[in-house]
Number of protein chains: 2
Amino acid sequence: MAFSFFNKLRDKREHLKLIRDELDKVRSVIARQVEPFGPHVRPYLERVCRGRGKLIRPGLVLLTAASTGGVTEKHITFAAMLEMLHMASLVHDDVLDKADTRRDEATPNALWGNELAVLLGDSLLAQAMVMGSELGDMKFIRRLSLGTRDLCEGEVEQSTRLWDMEMTRADYYELIRKKTATLFAMAMSGAAMLQELDDEMVDHLERMGTLLGIAYQIYDDCLDLTGSEDVAGKTLGTDAAKGKLTLPVFFLMESSSDDVADYVRGCVEKREEIDFTRLRGTDAFHEAIRMSADEGRARTAEAREVLWMLPESDGRAALAEMTYRLDELLDDCCN
Amino acid sequence: MAFSFFNKLRDKREHLKLIRDELDKVRSVIARQVEPFGPHVRPYLERVCRGRGKLIRPGLVLLTAASTGGVTEKHITFAAMLEMLHMASLVHDDVLDKADTRRDEATPNALWGNELAVLLGDSLLAQAMVMGSELGDMKFIRRLSLGTRDLCEGEVEQSTRLWDMEMTRADYYELIRKKTATLFAMAMSGAAMLQELDDEMVDHLERMGTLLGIAYQIYDDCLDLTGSEDVAGKTLGTDAAKGKLTLPVFFLMESSSDDVADYVRGCVEKREEIDFTRLRGTDAFHEAIRMSADEGRARTAEAREVLWMLPESDGRAALAEMTYRLDELLDDCCN
């Protein structure tokens with residue numbers, strides 16, 4: 001079983017019991033999305049949709065709904081829709097990264113080639129659009145569309161800014177906001193819109209989602225350098241080595257240890273793979289991870305400030321636990 | 001200058017003057033769609049969007065609007081939106097087909113690799129969704145989403161049914177309905193919805209679009225076997241040779257000339273490239289093209305039956321000219 005942020009949460013935190021049945025419903029709704037497709041398409045999508053995802057984004061939808069009046073059928077559909085969108089982006093990501101496995105399963109590109117993987121990703125995206133069109137109103141659709149565009153733009157930017165020495169830390173934050181935090185923000189703001197909360201509260205929850213998404217990507221970027229592949233269920237250490245300028249890489253380039261800073265800057269300038277095995281024992285490396293984790297925790301703390309604006313409820317408590325659990329995961333990267 | 005169905009129409013038919021200014025506006029709207037993207041994404045999209053497309057789908061939107069009360073600003077945006085959707089599918093198609101040039105220009109995959117091409121296609125699709133969200137109502141969005149899903153499904157099916165001996169001619173028609181005719185159908189039904197025509201008329205015009213799209217794909221499939229690459233501005237003879245079972249291939253497999261039928265069936269069974277230079281001089285080949293063209297012309301005739309339901313107008317006359325011009329192009333393939 002792959003490492004699962006959400007399953008760990010579920011095991012450790014009874015609060016997540018709150019939405020266990022709803023998450024099962026989300027899984028059923030996702031499984032049913034292959035039904036409109038014909039017999040020469042369906043088997044491929046079935047294989048893609050059976051993946052054992054962490055359902056973090058559906059979890060956020062459901063907990064936001066639970067914190068603001070309760071989970072409705074629309075929230076279940078919306079949660080499934082966001083997971084489909086996420087799956088579409090993973091399928092295209094795996095083509096880009098030439099990844100062979102994800103969540104301990106062969107990727108679509110490994111199974112059937114890049115060509116079909118591209119089209120299957122497109123089909124998932126289109127089906128997500130169909131699901132979206134069954135929900136909410138034009139304002140809701142507009143937010144979904146803008147979010148999807150941000151997601152795509154973040155992906156393009158990540159691809160065109162590999163080894164880009166002109167990239168700043170501010171650029172990094174904006175890039176991961178688009179690439180990762182958009183779906184977290186859509187999860188929370190969308191759930192709030194389906195709950196018919198006022199615009200101000202929708203914006204607040206969108207901001208909370210953005211903060212959580214950024215913290216989650218920082219955690220993922222730290223894990224890429226500190227985690228074990230067995231536990232993560234995917235290839236690690238490749239993002240930063242292959243020219244993605246992640247937060248720990250920025251801190252390494254800014255390190256007070258001139259040796260380390262020079263080495264990492266030199267690699268980036270020459271577009272050479274960074275040898276992290278060489279760096280892992282150094283104080284500078286631990287410092288870079290610690291500073292990154294601090295940045296993540298600053299964002300979960302800010303997210304909780306938004307959360308306390310909601311009235312007390314089991315849903316709110318579960319969302320708070322989620323943020324504390326993310327803090328723990330960030331801590332784990334430092335040890 | 002690439003061969004252009006629409007430009008030929010424009011040169012030969014004064015009727016197309018009717019929407020010349022509107023088509024220029026559509027070009028400007030498309031050019032402006034790169035503006036929301038940041039500096040590390042925009043230059044790539046600018047390059048993709050500057051392509052000299054035939055604007056057949058926008059033309060259909062505008063002529064449908066002109067035939068049903070006049071072209072509005074919404075029709076201009078919608079026409080641009082459909083062209084973006086079409087461009088997104090071309091960008092992904094070129095990745096699939098490993099095509100180096102289209103419309104006499106290097107393809108995105110040739111310029112920047114498959115990875116970025118996939119993401120740029122996604123970005124065009126997302127931007128099309130944003131444009132869609134500025135138009136119409138939820139019913140309109142729903143039709144757009146279902147259409148996009150059909151388009152994707154057709155593409156997947158085309159990819160999974162290469163060399164598929166179990167494919168029938170009925171399957172071929174259903175496949176090209178999804179893959180090609182969907183956008184034609186969306187053009188006409190969408191224009192009608194924005195004109196607030198009643199559901200029955202929207203359905204009629206959708207049917208007309210479907211018929212024109214199928215006829216157009218039959219023409220394209222004939223051109224693939226009979227055209228000259230210089231004139232077409234793209235690589236020809238590859239679709240059928242590489243296992244796409246197009247209408248002329250079906251007729252060749254069903255030919256009364258046993259030699260030809262056996263040869264083509266043998267190639268398909270063995271998944272071997274069909275050598276069309278060998279077939280081109282034969283009566284069976286001409287017969288297959290003629291029968292395909294007849295099927296195309298049957299559909300343009302049926303499309304005109306729908307068209308005559310509209311009140312007489314310059315727009316209707318221009319749409320009729322478009323169908324006659326398609327007949328001429330189908331005829332040209334037979335000579």
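Located above this text is the structure these notes cover.
Cut-offs and rules
- Residues numbered from 1 in each chain as written.
- Chains lettered and ligands numbered in written order.
- Predicted model: local features only at pLDDT ≥ 70, side-chain atom pairs only at ≥ 80, totals over all residues.
- Heavy atoms only, no water.
- Helix = DSSP H or I, 4+ residues; strand = E, 2+ residues; numbered from the N terminus.
- Rg over C-alpha atoms; globule rule 2.2 N^0.38 Å.
- Buried < 20%, exposed > 50% of the residue type's maximum accessible area, 1.4 Å probe, protein only.
- Contact = heavy atoms within 4.5 Å.
- Areas by Shrake-Rupley, 256 points an atom, 1.4 Å probe, with all protein chains shown as cover.
- Salt bridge = Lys/Arg side-chain N within 4 Å of Asp/Glu carboxyl O.
- Disulfide = S-S within 2.5 Å.
- Expected span 1.5 Å × (residues − 1).
- Arc of directions from axis to C-beta.
- Buried area = accessible area lost by both parts, 1.4 Å probe.
- Polar contact = N/O pair within 3.5 Å; in protein donor to acceptor, adjacent residues only side chain to side chain.
- Nonpolar A, V, L, I, M, F, W, Y, C, P; charged D, E, K, R; others polar.
- Axes fitted to C-alpha atoms, helices over the stretch in contact; angles between N-to-C directions.
- Parallel < 35°, antiparallel > 145°, perpendicular 65-115°, else oblique.
- Left-handed = near helix turned anticlockwise from the far one by under 90°.
- Least-squares fit on C-alpha atoms with pLDDT ≥ 70 in both.
- Phe/Tyr/Trp six-rings, centres within 6.5 Å; stacked < 30°, edge-to-face > 60°.
- Lys NZ or Arg CZ within 6 Å of the ring centre and 35° of its normal.
- Core = buried A, V, L, I, M, F, W, Y, C linked by side-chain atoms within 4.5 Å.

Caption draft 1: Local environment of the overall build of chain A. Summing up its helical and strand segments, chain A has 16 helices and 2 strands in all. For chain A, the C-alpha radius of gyration of 20 Å lies close to 20 Å, the compact-globule estimate for 335 residues. By its C-alpha atoms, chain A is 55 × 50 × 35 Å across when sized along the principal axes. In chain A, buried positions account for 61% of the 335 residues. Here the contacts in chain A between residues at least 6 apart in sequence split such that 75% fall between residues at least 24 apart. Of the accessible surface of chain A, which amounts to about 13,000 Å², a share of 46% is contributed by carbon and sulfur atoms.

Caption draft 2: A look at the pattern of salt bridges. All names here are of chain A. Within this structure, the stated rule accounts for 52 salt bridges over all chains. When the shortest N-O distance is used, the salt bridge between Arg143 and Asp203 registers 3.1 Å. A residue pair is termed long-range when its members are at least 10 positions apart, and Arg143 in helix H7 (residues 138–160) and Asp203 in helix H9 (residues 199–226) qualify at 60 residues. Residue classification places Arg143 among the partly exposed residues on the basis of a relative accessible area of 24%.

Caption draft 3: Region of the structure containing the state of the cysteines. Residue and element names in this part refer to chain A. The final tally for this structure, using the stated rule, is 0 disulfides over all chains. In this model Cys222 remains outside any disulfide bridge; the closest cysteine sulfur is found in Cys333, 5.1 Å from its own. Of the residues examined, Cys222 reaches a relative accessible area of 0% and is grouped as buried.

Caption draft 4: A look at helix H2 (residues 20–32) of chain A. Residues and elements named next belong to chain A. With 13 residues, H2 should cover 18 Å at 1.5 Å per step; its first-to-last C-alpha distance of 19 Å lies within 8% of that length. Buried within H2 are the following residues: Glu22, Leu23, Val26, Val29 and Ile30. Down the axis of H2, the smallest arc covering the buried residues is 115 degrees, so these residues share one side.

Caption draft 5: Region of interest: the interface of chain A and chain B. Counting residues at the interface gives 43 residues for chain A, matched by 43 residues for chain B. When chain A packs against chain B, the two sides together hide about 4,100 Å² of surface, and 70% of this comes from carbon and sulfur. Taken together, the links from chain A to chain B amount to 2 salt bridges. Across the pair Arg142 of chain A and Glu134 of chain B runs a salt bridge, and its minimum N-O distance is 3.4 Å. Our count for the chain A to chain B interface comes out at 17 residue pairs in polar contact (both at pLDDT 80 or more). Every element with two or more residues in the side of chain A that touches chain B is listed here: helix H5 (73–97), helix H6 (108–132) and H7 of chain A. Of all the elements, H7 of chain A adds the most residues to the side of chain A that touches chain B, at 14 residues. Class assignment of the residues belonging to the side of chain A that touches chain B gives a composition of 19 nonpolar, 12 polar and 12 charged.

Caption draft 6: Seen up close, the packing of helix H4 (residues 56–67) of chain B against helix H5 (residues 73–97) of chain B. All names here are of chain B. Running from N to C, H4 and H5 point in directions that differ by 155 degrees, and their axes come no closer than 8 Å. Relative to H5, the element H4 lies roughly antiparallel. The two elements H4 and H5 cross, and the hand of that crossing is right-handed. Along the contact surface, H4 presents Arg57, Pro58, Val61, Leu62 and Ala65, while H5 presents His75, Ile76, Phe78, Ala79, Leu82, Glu83 and His86. When the residues that make up the contact of H4 with H5 are grouped by side-chain class, the tally is 8 nonpolar, 2 polar and 2 charged.

Caption draft 7: Region of the structure containing the relation of the copies chain A and chain B. Superposing chain A onto chain B takes a rotation of 180 degrees combined with a translation of 0.0 Å along the rotation axis, leaving an RMSD of 0.0 Å. Taken together, the turn and the small shift mark the pair as related by a two-fold rotation axis. The residues that chain A uses at the interface reappear at the interface of chain B in 100% of cases, marking a shared surface.

Caption draft 8: Summary view of the packing of aromatic side chains. Taken as a whole, this structure holds 12 aromatic pairs over all chains when the rule is applied. Residues Phe78 of chain B and Phe140 of chain B carry aromatic rings whose centres are separated by 5.4 Å and whose planes lie at 65 degrees to one another, so their mutual orientation is edge-to-face. Here the residue Phe78 of chain B occupies a position in helix H5, and Phe140 of chain B occupies one in helix H7 (residues 138–160), the gap between them amounting to 62 residues. Here Phe78 of chain B matches Phe140 of chain B in class, with each residue buried. Ring pairing ties together the aromatic residues Tyr172, Tyr173 and Phe250 of chain A, which thus form one cluster. Cation over ring: Arg278 of chain A sits above Tyr263 of chain A, and NZ or CZ is 4.1 Å from the ring centre.

Caption draft 9: View of the nonpolar core. Ranked by internal contacts, the top residues of the largest apolar core, which has 218 residues, are Val264 and Phe276 of chain A together with Val264 and Phe276 of chain B. Beyond its immediate sequence surroundings of up to four residues, Phe276 of chain A is in contact with Leu225, Ala240, Ala241, Val249, Leu252 and Phe285 of chain A.

Caption draft 10: Layout of the packing of helix H2 (residues 20–32) of chain B against H4 of chain B. Residue and element names in this part refer to chain B. Their axes nearest at 10 Å, the elements H2 and H4 cross at an angle of 130 degrees. The orientation of H2 with respect to H4, classified from their angle, is oblique. Between H2 and H4 the crossing geometry is right-handed. Packed against H2, whose contacting residues are Glu22, Leu23 and Val26, the element H4 presents Pro58, Gly59 and Leu62 at the interface.

Caption draft 11: Representation of unusual backbone geometry. At Arg271 of chain A, a position not held by glycine, the phi torsion is positive, near 55 degrees. Residues other than glycine seldom take positive phi values, yet Trp163 of chain B does so here, at roughly 55 degrees. On the secondary structure map, Trp163 of chain B appears in the loop between H7 and helix H8 (169–194). Residue class for Trp163 of chain B comes out buried when judged on its relative accessible area of 13%.

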